[in-house]
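Working through the structure, step by step
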Amino acid sequence: MPPKKAAAKPNVSAEELLGHYREMLLIRRFEEKAGQLYGMGLIGGFCHLYIGQEAVVVGLEAAAEEGDKRVTSYRDHGHMLACGMDPKGIMAELTGREGGFSKGKGGSMHMFSKEKHFYGGHGIVAAQVPLGAGLAFSDKYKGNDRVTFTYFGDGAANQGQVYETYNMAQLWDLPVVFVIENNGYAMGTSVVRSTKSPSLWERGAAYGIKGEEVDGMSVLAVKEAGERAVAHCRSGKGPYILEVKTYRYRGHSMSDPAKYRTRDEVQKMRDERDPIEQIRDMLLTGKHATEDDLKAIDKEIKATVNEAAEFSKESPEPALEELWTDIYAEVEA
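These lines cover the structure that appears in this document, whether it is placed above or below. None of the values given here were measured: they were computed from a predicted structure.

1. What about helix α11 (residues 291-314)?
Here α11 spans 35 Å end to end across 24 residues, near enough to the 34 Å set by a 1.5 Å rise per residue. For α11, the complete set of buried residues consists of Leu294, Ile297, Asp298, Ile301, Val305, Ala308, Ala309 and Ser312. Along its buried surface, α11 packs onto α1 (14-39), α4 (87-94) and α10 (275-285).

Listed below in structure tokens is the structure:
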């Protein structure tokens, strides 16, 4: 469960609050629509929704700079939207269409955008962690002052390749922020039943890696912690670990009935800790926006998402010849 902390009064502008609200709401509405399309049989394979965890990636993207990289697991739609990828291309990829970011060949779990420095969506648990260190190694080699955000979950945190990567990242002082999105249940096993460690970020101490635990239901808390992590990496001090305590409202994937927790538990989190509602309340109580203003934003975002859904339905399926493309990369000698 995300930690309960006394609410701070951050010095944040109305413009920034509205920006966070828009981005988190876009992810929420997009994922709701993706769930609908999956139920209609328009999305095949797997589909892992980010509903409830929006503050994590929005907060960290607010701490990123142009050129910074990100790589994550299969719960990846929110990360794509937060780094600025076009909702149309994302939705078209979910439905396996030619207009998708991977030409309809990657689906929900495997799409990329070199332009936005988004390096996947990876379906094998924790496989993206060493890849993230590799991206950071490239940046250190080039001396370009860039940082890589490497996201993985509490379940992946028990994989051996994570700790091999920790060792190498610290040994070589790589500019990588390891982000553990701890939603408490991995695929369906509570974190208290899968590890005896009181925290996951402190495991980095064995390698000399600094880090901290963050309230992942507060976008402002995540941004603040992200800025500390990024500053640490950019100053040449090596990697940093953020264990972001968050919560997903839906099952692990669309095929998961989530019977390992009670409805009351989920509803309590929605009522008391929802990341979007927290910012909504700040906007209203601070008189930065009216109810009508926020309704207009929601209407605008729903229109964007509906447009993406229509685009995905109208985009053609990839030609059979696409089976033989993008298998090998062409590299200059």
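2. Observations regarding the packing of α1 against α10
When two helices pack together, their arrangement is given by the angle between their axes and by how far apart the axes lie. It is at 10 Å that the axes of α1 and α10 come closest, and there the two elements cross at 150°. Compared by their axis directions, α1 and α10 come out roughly antiparallel. Crossing handedness for the pair α1 and α10: left-handed. Of α10, the residues touching α1 (which contributes Ala14, Leu17, Leu18, Tyr21, Met24, Leu25 and Arg28) are Pro275, Ile276, Ile279, Arg280, Met282 and Leu283. Grouping the amino acids of the contact of α1 with α10 by side-chain chemistry returns eleven nonpolar, no polar and two charged.

3. Points about the sheet that holds strand β1 (residues 69-71)
The strand order β1-β2-β3-β5-β4 describes an open sheet built from five strands, whose pairing is parallel. Two strands in the sheet have a free side with no partner beyond their single neighbour: β1 and β4 (210-215). Neighbouring strand axes in the sheet, compared pairwise and without regard to direction, differ in orientation by 20° on average. Along the sheet face, helix α2 (residues 54-63) touches β1, β2 (148-153), β3 (176-182) and β5 (240-245) and points at about 165° away from the line of β2.

4. Considerations on the pairing of β2
Across the six residues of β2, five count as buried, placing the element largely inside the fold. Where β1 lies against β2, three bridges are found, and the strand directions are parallel. Considered in β2, the bridge of Val71 is made with Thr150. The sheet contact formed by β2 and β3 spans six bridges and is parallel. In the sheet register, Phe152 faces β3, and the bridge partner there is Ile180. Taken together, β2, helix α6 (residues 160-171) and β3 constitute a β-α-β crossover, and its handedness is right-handed.

Analysis parameters
- Residues numbered from 1 in each chain as written.
- Predicted model: local features only at pLDDT ≥ 70, side-chain atom pairs only at ≥ 80, totals over all residues.
- Heavy atoms only, no water.
- Helix = DSSP H or I, 4+ residues; strand = E, 2+ residues; numbered from the N terminus.
- Expected span 1.5 Å × (residues − 1).
- Buried < 20%, exposed > 50% of the residue type's maximum accessible area, 1.4 Å probe, protein only.
- Contact = heavy atoms within 4.5 Å.
- Axes fitted to C-alpha atoms, helices over the stretch in contact; angles between N-to-C directions.
- Parallel < 35°, antiparallel > 145°, perpendicular 65-115°, else oblique.
- Left-handed = near helix turned anticlockwise from the far one by under 90°.
- Nonpolar A, V, L, I, M, F, W, Y, C, P; charged D, E, K, R; others polar.
- Pairing = 2+ DSSP bridges.
- Right-handed = clockwise from strand over helix to strand, strands pointing away.

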